[in-house]
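# Residue-level structure breakdown
The primary structure of each chain is shown beneath.
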Amino acid sequence: MHDIRLIRENPAAFDAALVRRGATAAADTLLALDERRRAVATELQTAQTRRNEASKAIGQAKAQKDEATASSLMAEVAALKERMPALETEGAEIDAQLTAALAALPNLAADDVPDGADEQDNVEQRSWGDIPAFAFEAKEHADFAGPLGLDFESAAAISGARFAVLKGGIARLQRALGAFMLDRQTEAGFTEVVPPLLVRDDAMFGTGQLPKFAEDLFRTTDGRWLIPTAEVSLTNLVREQILGEAALPMKLTALTQCFRSEAGAAGRDTRGLIRQHQFEKVELVAIATPEQSEAVHEEMTRAAEAILEALALPYRRVLLCTGDMGFSARKTYDLEVWLPGQARYREISSISNCGEFQARRMNARFRPAGESKGTRFVHTLNGSGLAVGRTLVAVLENYQQADGSVRIPEALLPYMGGITELRPA
């Protein structure tokens, strides 16, 4: 959400920043609504003041037995009382229109975010690890993991497309990955949370999923939403709160199921585990002061990178351009892991600094140290640390063997109960 006062101060700069994000200039429309809203508010305040004055004057006129004046004042008060509800209704309608218009606009990009239209304009910052060389033709996981316990047919019979059943060793490997990630992130200073998977409209609005991305979500019959990421639950833990500066940064992590309809990705990644309706993810969320948020963004990115390095999975860090960032982000790093079966890097984590964009939608603030009254909006950050299913894909493909077996990464051996490799049934 954007601050209308800042738009008033420099509408040209706001429009220029929107255009950088691929959006249409909107300052004129927003300021016209704002002007109408303030005009109605002024008229309402004037009417309230005059009603109070006239009501008081009626008593004085009656005390002086000036019935003509009293009658005139009573007629004026009656007219004001009839007009004021209409003004209140008009003001509420304009306010709702302005809020909706502001809520539909994406966050503005940080100054150091490169301009660009799509992923082709993203900037690789660094890479880590050696691309594995196989003495055989590397396969995609969907082509060899069936005998290891990856079952799409049973899932389709139960639930339809974009679901999977994991059995035996491969199920154990997924569980090991989630536990390993959660342990590493708590060791890195993130507090473990078990949050709700069902949330209300306000929570989805607060982190920017609503109203723009409703079609990508699953809604229950009682009006709740299945979370697309634990970012929603974790970030909303501070909604409508005023935190003390000493409590910041607050760093949280959770391993949850996530649910996405993938309405905006029809026809993409229809094979395998890359894009599922239901998947597990270890989420990282931080609540910080504006002065802390850049450093915290780097810390969160390193926390996600550390998982890939511990698993010896080659990856690269990419700074997203203005046209490829998510709706709520002001700056985003993507981590892309190497998948030998596709012979290319694929996204496995996005770590975003949202600035105060989400905090305004949630009314999440903090009180600076030493101040008793003033408050400021917090900055919110989120990212995957990591997506468990995509990490499973990366392990399967990078550790595959010629006979269809898969070696277990050394870091996961303590979680595998003595299993050192997955072998075809």
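See the structure above.
Just so you know, these numbers come straight off a predicted model, no measurement behind them.

### Some words on helix 7 (residues 168-187)
With 20 residues, helix 7 extends 29 Å from end C-alpha to end C-alpha; this agrees with the ideal 28 Å at 1.5 Å per step. Buried within helix 7 are the following residues: Ile170, Leu173, Gln174, Ala176, Leu177, Gly178, Phe180, Met181, Leu182 and Gln185. Just downstream of helix 7 lies glycine 189, where phi reads positive at about 105°.

### Considering the sheet that holds strand 15 (residues 376-377)
Strand order in the open sheet formed by 3 strands is 8-14-15, with mixed pairing between adjacent strands. Every interior strand has two partners, whereas the edge strands, strand 8 (242-244) and strand 15, have only one. In this sheet, strand 15 lies alongside strand 14 (residues 365-367) in antiparallel orientation, the contact comprising 2 bridges. When the bridges of strand 15 are listed, phenylalanine 366 appears paired with arginine 376.

### Thoughts on helix 2 (residues 11-20)
Listed in full, the buried residues belonging to helix 2 are Phe14, Asp15, Ala17 and Leu18. In an axial view of helix 2, the angular spread of the buried residues amounts to 160°, which keeps them on one side of the axis. Facing away from the buried surface of helix 2 by more than 90 degrees, the exposed residues are Ala12 and Val19. Where the residues of helix 2 are buried, they touch helix 1 (4-9) and helix 3 (27-63). Of the residues trailing helix 2, glycine 22 is marked for its positive phi of about 80°.

### Concerning the sheet that holds strand 12 (residues 331-339)
Overall, mixed pairing links the 8 strands, which are arranged 1-11-12-13-16-10-9-4 in an open sheet. Taken across any chain shown, the strands that pair with only one partner, and hence form the sheet edges, are strand 1 (123-128) and strand 4 (191-192). In terms of strand pairing, strand 12 meets strand 13 (residues 344-353) through 9 bridges, oriented antiparallel. Across the sheet, residue leucine 339 finds its bridge partner in strand 13, namely arginine 344. Here helix 12 (residues 388-398) sits on the sheet and contacts strand 9 (250-259), strand 10 (278-288), strand 12, strand 13 and strand 16 (379-387); the angle it forms with strand 16, its principal contact strand, is near 35°.

How each quantity is defined
Just so you know, the residues in each chain are numbered from 1, in the order the chain's sequence is written. Thresholds applied to this predicted model are a pLDDT of at least 70 for local features of residues and 80 or more for the giving and counting of side-chain atom pairs; totals over whole chains, interfaces and linings are not thresholded and use all residues. Note that water and hydrogens are dropped before the side-chain values are worked out from all heavy atoms of the structure. Under the DSSP-based scheme used, a helix requires at least four consecutive residues in state H or I and a strand at least two consecutive residues in state E, with every element numbered from the N terminus. Multiplying 1.5 Å by the residue count of a helix minus one yields the expected span of that helix. Only protein chains enter the calculation, and the probe is 1.4 Å; a residue is then buried if its accessible area is under 20% of its type maximum, exposed if over 50%, and partly exposed in between. By definition, two strands form a pair when at least two bridges between them are found by DSSP. Of all possible arcs, the one meant is that of the directions from the helix axis to the C-beta atoms. When checking whether two residues touch, look at their non-hydrogen atoms; a contact exists if any pair is within 4.5 Å. Only C-alpha atoms enter the line fits that serve as axes; for helices the fit covers just the stretch in contact. Angles between N-to-C directions range over 0 to 180 degrees.

None of this, on its own, says anything about what the molecule does.
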